[in-house]
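Inside the fold
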Amino acid sequence: MKHVIALDVGGTAIKAALIAPDHTLLHETRRPTERAKGPEAVVAGILALAADLREHGRRTYGEPAAAAGIAVPGIVDTDSGTAVYAANLGWRDLPLRDRLSEHLAGTPVALGHDVRTGGLAEGRVGAGRGADRFLFVPLGTGIAGAIGIDGRIEAGAHGYAGEIGHIAVRRGADADALDCGCGGRGCLETIASASAVSRAWAEAIGDPAADAADCAKAVAAGDPRAERVWRHAVDALADGLVTALTLLDPRLLIIGGGLAEAGETLFTPLRAAVAERVTFQKLPRIVPAALGDTAGCLGAGLLAWDLLATHDTESMEVSAR
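Residues numbered from 1 in each chain as written. Predicted model: local features only at pLDDT ≥ 70, side-chain atom pairs only at ≥ 80, totals over all residues. Heavy atoms only, no water.

Notes on the environment of G126
Relative to the elements of secondary structure, G126 occurs in the loop between α3 (114-125) and β9 (133-138). Beyond its immediate sequence surroundings of up to four residues, G126 is in contact with A121, A290 and L291. (Helix = DSSP H or I, 4+ residues; strand = E, 2+ residues; numbered from the N terminus. Contact = heavy atoms within 4.5 Å.)

Below, the structure written as structure tokens:
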């Protein structure tokens, strides 16, 4: 059976799969990223896992994977196949596509940005299926975005498109205009990410172990302290989303990540807050992501299948000359 290798590299774990042409996950596994051991150890782990998957595919399906796709965080140059920078993983200017291809005996490899790759999967086989324009926004440790246009994800001129988490939603004089890791101040992710909500809730109740999931449960239970923290985050998120929809005019807003696991505790007030803020703009549907933590692997698989399709088309054009 023809299949591809898919790898989704996160700060904590590397999720991996073998994926069939119909996007079925034939085999799934994961291993620790082990970033504490340094960037070369992370790369070695990626290469070893990919090689194990290739061998598993050869034994189980009668042939090695036809291609591989890998999604990584940070700054990615997809044209050159370079993982330019990832603060959490410690690498710089890493020629990951070529190193992985060489390790897989010349198997063609596609490299993508983790959020844009997850957005590709949500757009084609998830919550955005059939939508011509959408914005995918995962709310996790940070906040990022993927801009979907007619079945593809817009990377921008320099690969930075969709960084909604770094829209400044609060200004310097505001009490909640916090410094952001990007060097800016008052960025959306300093208020509305899952980590920001966790921090605010832990401070509100004096429990360093409390997190965003605990806050959501307390909101559902009617705790007024939790409601204040939650409202603060939802208001900031709505401000950022309205800025994004004013610029992009998406038909659909897909919200994912850890914070979206709160379900209607998040979506009911968020839809209302966005609706309150729009004036002339067309209000998009706001829906939860459908694929959960499989989005990255499915997206990496799509990158691999797209790469094979491109190779097949180029081969046909050469044969026709």
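Text resumes after the structure shown.
Concerning a nonpolar patch on the surface
On the surface, a cluster of nonpolar side chains totalling about 280 Å² of accessible area is made up of I75, Y85 and Y160. Secondary-structure assignment places Y85 in strand β6 (residues 82-86). Taking relative accessible area as the criterion, Y85 reaches 31% and is therefore assigned partly exposed. (Patch = residues over 30% accessible without salt bridge, like charges linked within 9 Å, V, L, I, M, F, W, Y side chains within 5 Å. Areas by Shrake-Rupley, 256 points an atom, 1.4 Å probe, with all protein chains shown as cover. Salt bridge = Lys/Arg side-chain N within 4 Å of Asp/Glu carboxyl O. Buried < 20%, exposed > 50% of the residue type's maximum accessible area, 1.4 Å probe, protein only.)

Remarks on unusual backbone geometry
Its identity as a non-glycine residue notwithstanding, D93 has a phi of 50°, on the positive side. Tracing the chain through its elements places D93 in strand β7 (residues 91-94). Residue class for D93 comes out exposed when judged on its relative accessible area of 56%. For D150, which is not a glycine, the phi torsion comes out positive at approximately 50°. We classify D150 as exposed; its relative accessible area is 55%.

A closer look at the environment of P108
Examined against the element boundaries, P108 turns out to sit in the loop between α2 (96-103) and β8 (109-113). Given a relative accessible area of 21%, P108 falls into the partly exposed group. Considered as a pair, P108 and F136 are 28 residues apart in the sequence and their alpha carbons are 28 Å apart. With residues near it in sequence (within four places) discarded, P108 still touches A66, A67, A68, S101, L307, L308 and H311.

So, the pairing of β6
Relative to β6, strand β5 (residues 75-77) is paired through three bridges, and the arrangement is antiparallel. Within β6, the residue paired with D77 across the bridge is T82. Linking β5 back to β6 in an antiparallel pair, the connection comprises four residues, with G81 at a positive phi of about 75°. Where β6 meets β7, three bridges bridge the pair, whose relative direction is antiparallel. Each residue of the ladder has a partner; that of A86, found in β7, is W91. (Pairing = 2+ DSSP bridges.)

Considering the environment of A155
Tracing the chain through its elements places A155 in the loop between β11 (152-154) and α4 (189-192). A relative accessible area of 26% means that A155 is categorised as partly exposed. Each C-alpha atom, one on A155 and one on T12, is 25 Å from the other, the two residues being 143 residues apart in sequence.

Details of α2
Taken together, the buried positions of α2 are occupied by L96, L100 and S101. Looking straight down α2, one finds its buried side chains confined to an arc of 125°; they lie on one side. Lining the buried residues of α2 we find β1 (4-9), α1 (39-61), β4 (68-72), β7 and β8. Just beyond α2, the residue with positive phi is A105, at close to 60°. (Arc of directions from axis to C-beta.)

Overview of the sheet that holds strand β12 (residues 252-256)
Ordered in space as β11-β10-β9-β12-β13, the five strands form an open sheet in which the pairing is mixed. Of all the strands in the sheet, the pair left with one neighbour each is β11 and β13 (285-288). Along the sheet, successive strands turn relative to each other by an average axial angle of 30°, direction set aside. Running over the sheet, α3 touches β9, β10 (146-149), β11 and β12 and is turned about 130° from β9. Contacts from helix α8 (residues 264-277) reach β12 and β13 within the one sheet, and its direction differs from that of β13 by about 160°. (Axes fitted to C-alpha atoms, helices over the stretch in contact; angles between N-to-C directions.)

Brief notes about the nonpolar core
Core analysis: the biggest nonpolar cluster contains 46 residues, and W230, L241, I255, L270 and V274 have the highest contact counts within it. Of all the elements in the fold, those that place two or more residues in this core are β9, β10, α4, α5 (194-205), α6 (212-220), α7 (224-248), β12 and α8. Take this core: its biggest share by element is 12 residues, from α7. Not counting residues up to four positions away in its chain, the partners in contact with V274 are A238, L241, V242, L245, L283 and I286. Grouped together as the second largest cluster of nonpolar side chains are 29 residues, L53, A86, L100 and L111 included. (Core = buried A, V, L, I, M, F, W, Y, C linked by side-chain atoms within 4.5 Å.)

Regarding the sheet that holds strand β3 (residues 25-32)
Reading across the sheet, the five strands line up as β3-β2-β1-β4-β8 and stay open at both edges, with mixed pairing between neighbours. Across the chains shown, the open sheet's two edge strands, defined by having one partner strand only, are β3 and β8. Sheet twist, expressed as the mean angle between neighbouring strand axes with direction ignored, is 15°. Packed on one face of the sheet, α1 meets β1, β2 (13-19), β3 and β4 and runs near 25° to β2. Strands β1, β4 and β8 of the sheet are contacted by α3, whose axis makes an angle of about 100° with β8.

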